[in-house]
Amino acid sequence: MEPPPRLEFSNSSGGWLDCSASGSPQPSIDWLSVDGTSVGDVSGIRRVLRNGTLFLQPFAAASYRQDIHSTVYRCVASNSVGRIISRDVQVRAVVTQAYKVDVEVVGAARGCTAVLKCIIPSFVKDLVRIISWVQEPSFFIYPSLQG
């Protein structure tokens with residue numbers, strides 16, 4: 001069983017990658033880092049379980065490590081007959097943090113239509129989707145086929 005090509009997870013939830021193989025003799029499972037070296041346990045951050053699962057534990061924002069939380073892993077199944085290596089798995093941890101969106105007036109004239117733009121901070125831009133606009137206190141504007 002090969003792991004998926006991508007894993008995105010939050011620092012508050014953690015994530016895991018499963019890998020398994022069968023054969024005779026029974027293969028052992030190992031995980032490789034992007035440079036091809038074997039990875040092991042890192043206390044409180046990463047564990048390689050005996051069943052072949054790579055467990056990326058929930059972690060505090062201050063414990064983020066790019067070499068563990070934003071990297072490529074590969075699974076290796078090996079026995080005395082040979083070994084097989086999985087596809088690359090791109091891992092990306094997202095650290096939960098507060099952010100604020102801003103509204104920019106792109107164009108407007110008194111009594112005419114105004115064009116507004118939602119400005120999302122770059123560090124969350126690819127993780128956030130605009131689903132509506134709100135005019136306080138409770139008037140919501142949702143996307144429609146009419147624009």
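Residues numbered from 1 in each chain as written. Predicted model: local features only at pLDDT ≥ 70, side-chain atom pairs only at ≥ 80, totals over all residues. Heavy atoms only, no water.

Going through the model one piece at a time under the given rule, you end up with 2 aromatic pairs. With 6.4 Å between their ring centres and 40 degrees between their planes, Phe-59 and Tyr-64 make a pair best called tilted. By relative accessible area, Tyr-64 is classed as partly exposed at 32%. (Phe/Tyr/Trp six-rings, centres within 6.5 Å; stacked < 30°, edge-to-face > 60°. Buried < 20%, exposed > 50% of the residue type's maximum accessible area, 1.4 Å probe, protein only.)

This part takes up unusual backbone geometry. For the bond running from Ser-24 to Pro-25, omega is 0 degrees, close enough to zero to count as cis. Among the secondary structure elements, Pro-25 is positioned in the loop between strand S2 (15–17) and strand S3 (28–32). Of note, the amide linkage connecting Glu-136 to Pro-137 takes the cis form, showing an omega dihedral of 5 degrees. The topology assignment puts Pro-137 in the loop between strand S11 (133–135) and strand S12 (139–141). (Helix = DSSP H or I, 4+ residues; strand = E, 2+ residues; numbered from the N terminus.)

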